[in-house]
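Architecture at a glance
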Amino acid sequence: MSCWYNNPAPEGDIAVSTRIRLARNINGYPFPARMSAAQRQEVNAKIKDVIDNNSSSNLKYIDMAAVPENERFSMVERHIASREFVLNPQNKAIIISDDETVSIMIGEEDHIRIQVVLPGFQLENAYKIADDIDNMLCGALDIAFDSELGYLTECPTNLGTGLRASVMLHLPVSEQTGEMLRLTESVNKIGFTVRGMYGEGSNAAGSLYQISNQITLGISEKNAIDNLKIIADRIIGKERELQKSLNKIKTEDICMRALGTLKSARILSSSELITLISRVKLGINKGVISDNINPIKILIEGQPYMLMKTHGTMTDEERDIYRAQTVREALS
Amino acid sequence: MLCEKCQKNTATTHIRSVVNGKKTERYLCAECAQKEGISAFSDAGLGDMLASMFGDALALNPSGAQARCNCCGSTFADISKTGKAGCPECYKTFYNDFLPYLKRVHGSVKHIGKASKAANADCKPADNLAALKAELAELVKAEKFEQAAQIRDKIKEMEANL
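Residues numbered from 1 in each chain as written. Chains lettered and ligands numbered in written order. Predicted model: local features only at pLDDT ≥ 70, side-chain atom pairs only at ≥ 80, totals over all residues. Heavy atoms only, no water.

1. Topic: the packing of helix α8 (residues 248-264) of chain A against helix α9 (residues 270-285) of chain A
All names here are of chain A. Contact geometry of α8 with α9 gives a least axis separation of 8 Å together with a crossing angle of 130 degrees. The orientation of α8 with respect to α9, classified from their angle, is oblique. Note that α8 runs across α9; the crossing there is left-handed. Contact residues: T251, I254, C255, A258, L259, T261 and L262 in α8; E272, L273, L276, I277, R279, V280, L282 and G283 in α9. Classifying every residue of the contact of α8 with α9 gives 10 nonpolar, 3 polar and 2 charged. (Axes fitted to C-alpha atoms, helices over the stretch in contact; angles between N-to-C directions. Helix = DSSP H or I, 4+ residues; strand = E, 2+ residues; numbered from the N terminus. Parallel < 35°, antiparallel > 145°, perpendicular 65-115°, else oblique. Left-handed = near helix turned anticlockwise from the far one by under 90°. Contact = heavy atoms within 4.5 Å. Nonpolar A, V, L, I, M, F, W, Y, C, P; charged D, E, K, R; others polar.)

2. Brief notes about the packing of aromatic side chains
One pass over the full model with this rule turns up 6 aromatic pairs over all chains. Measuring from ring centre to ring centre gives 4.9 Å for F145 of chain A and Y151 of chain A, while their planes differ by 70 degrees; the resulting arrangement is edge-to-face. Under the relative-accessibility criterion, Y151 of chain A is labelled buried at 2%. Between F76 of chain B and F98 of chain B the ring centres are 5.5 Å apart and the planes differ by 90 degrees, which places this aromatic pair in the edge-to-face class. Separated by 22 residues along the polypeptide, F76 of chain B in helix α4 (residues 76-82) and F98 of chain B in helix α6 (residues 95-106) bring together distant segments of the chain. (Phe/Tyr/Trp six-rings, centres within 6.5 Å; stacked < 30°, edge-to-face > 60°. Buried < 20%, exposed > 50% of the residue type's maximum accessible area, 1.4 Å probe, protein only.)

3. Structural notes on empty space enclosed by the protein
All names here are of chain A. In total, this model carries 3 cavities of 30 Å³ or more according to the counting rule given. By volume, the largest cavity is sized at about 40 Å³. Taken together, H170, G206, L208, I274, I277, S278, K281, I296 and L299 form the lining of the largest cavity. Elements that contribute at least two residues to the lining of the largest cavity include exactly α9 and α10 (295-301). For the lining of the largest cavity, the residue count by class is 5 nonpolar, 3 polar and 1 charged. (1 Å grid on protein atoms, 1.4 Å probe; cavity = no way out; pocket = protein on both sides within 12 Å on 5 of 7 lines; lining within 4 Å. Points joined across faces, edges and corners; volume = space filled by probe spheres on them.)

4. Topic: the interface of chain A and chain B
Facing 46 residues of chain A, the contacting portion of chain B comprises 38 residues. Of the roughly 3,400 Å² buried between chain A and chain B on both sides combined, carbon and sulfur atoms contribute 55%. Ionic pairing is found between K84 of chain B and E109 of chain A, a salt bridge with its closest N-O pair at 3.0 Å. Inspection of the chain A/chain B interface yields 15 residue pairs in polar contact (both at pLDDT 80 or more). When residues of the side of chain A that touches chain B are traced back to their parent elements, those giving at least two are α4 (123-138), β6 (145-146) and β7 (150-151) of chain A. Element by element, the count of residues in the side of chain A that touches chain B is highest for α4 of chain A, at 4 residues. (Buried area = accessible area lost by both parts, 1.4 Å probe. Salt bridge = Lys/Arg side-chain N within 4 Å of Asp/Glu carboxyl O. Polar contact = N/O pair within 3.5 Å; in protein donor to acceptor, adjacent residues only side chain to side chain.)

5. Side note on the sheet that holds strand β8 (residues 163-170) of chain A
All names here are of chain A. Here 8 strands make up an open sheet; going across it, the order is β2-β3-β4-β5-β1-β8-β10-β9 and the pairing antiparallel. Every interior strand has two partners, whereas the edge strands, β2 (59-63) and β9 (192-196), have only one. Direction aside, the axes of adjacent strands within the sheet are offset by 20 degrees on average. Sheet topology places strand β4 (residues 102-106) next to strand β5 (residues 112-119); 5 bridges connect them, and they run antiparallel. Residue pairing across strands places V102 opposite V116, the latter belonging to β5. (Pairing = 2+ DSSP bridges.)

6. Details of helix α1 (residues 37-52) of chain A
Residue and element names in this part refer to chain A. The first and last C-alpha atoms of α1 sit 22 Å apart over 16 residues, in line with the 22 Å expected at 1.5 Å per residue. What α1 keeps buried is the set R40, V43, N44, I47, V50 and I51. When α1 is viewed along its axis, its buried side chains cluster within an angular range of 120 degrees and face the same direction. Buried residues in α1 make contact with β2, β3 (93-97), β4, β5 and α4. (Expected span 1.5 Å × (residues − 1). Arc of directions from axis to C-beta.)

7. A word on the confidence of the model for chain B
Residue and element names in this part refer to chain B. Overall, the predicted model of chain B reaches an average pLDDT of 76, with 72% of residues at or above 70. No element of chain B has a lower mean pLDDT than helix α2 (residues 44-52), at 56, and none a higher one than helix α5 (residues 90-93), at 93. Below pLDDT 50 for its whole length, residues 39-45 participates in 0 contacts with residues either more than four positions away or in separate chains. Interface confidence in the predicted complex, given as ipTM, is 0.84; pTM for the same model is 0.81. (pLDDT = per-residue confidence, 0-100.)

Following this line, the structure appears as structure tokens:
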């Protein structure tokens, strides 16, 4: 199956993915949290109509209630839907493009959440795609908008552009040297947030961090994206510099041991996979591991529901064995 | 187990309450629990944080405690509790109530950027007397008395013209 992480990733040595999200709502309905089942179905039908009448689009409308549980939760692991969205699928729908670059959640926190995910660092491209979808879809609907407050959203923190732009970066050395703490602090001061992509709290498993804008009112889409671009560029530059200064033989040893374990393990947990994949990714940057390997693909396809959606439901133990097998196959 | 209220969805919320020594137990689905104002503990954290930023805004509440949104029936107290609006119309009904909160979150209350083609009527009230009063209260609280005096004069002038 084609998915965003199979495509080439610009600045992919550090940048894993770029995501753009636009929040939109339709006039005359409460926000989803307060909608009745009938109102939800009405809104779904309105949006489906627009998609059906647009023959040029490669978008597919899917009723979430009809999607099996494993497939539903795997959407979260592929970053095309949120956990809150798939948890209760009743009266919700998602619209997805062929390569899953575009996903539109209907009935999440807002009526419409347009999302674009691209591999690597491609903020402008991702925004252009999201903006085109917005024009096509929302141009045909009575969208809640105010000249002072911008797009009206359930959460006042999204008012204005309704835009959340984020970049996922792999920052193993910035993390190790403590640079990450300093970075997080200064990024927070200028209205952006840094959080770990996997793991809970401050523990960012696999050294994967997501940097995103917080402010949406009083700043244009272009400025918000330009600012994020400048910040991410600096963080990427710093990480590259730090990776260059690493002790060669020690780094090679760590990376090759990680690859060795992934190639030979018979039981592999999610948390071990992410730790080892992070080292393999560093090894590719250092030129000691072949760049034919796509570590992000292996990481995402090794997530619990991604494994179960093709193989059927498994116990934790069975899954760890199956995960080890699929990773070995991917690396052989 | 099915939700005892709607008898449709799976019950995911178990509420045990003791009132005057009488114990009651209820099993609801997420949707019905939410309708009754019972939310899962997992989203309590962020909701609380958003709600706490409404603190001062609720104290001012220029629209008054009784005011309700015509579209969804929310009061501003409902909105402050969850940190979230009920429907797009809420922003029109409670425009002046939202302003101090929005200033704190975004640092600005004027949208710059893409405009929807189908822009509906403005949320901002044509008569900004209530907004001025809210601003006055804020300035007094911040002990910015010089600016407050200017606003007070403006209010007096507007009220005289009514």
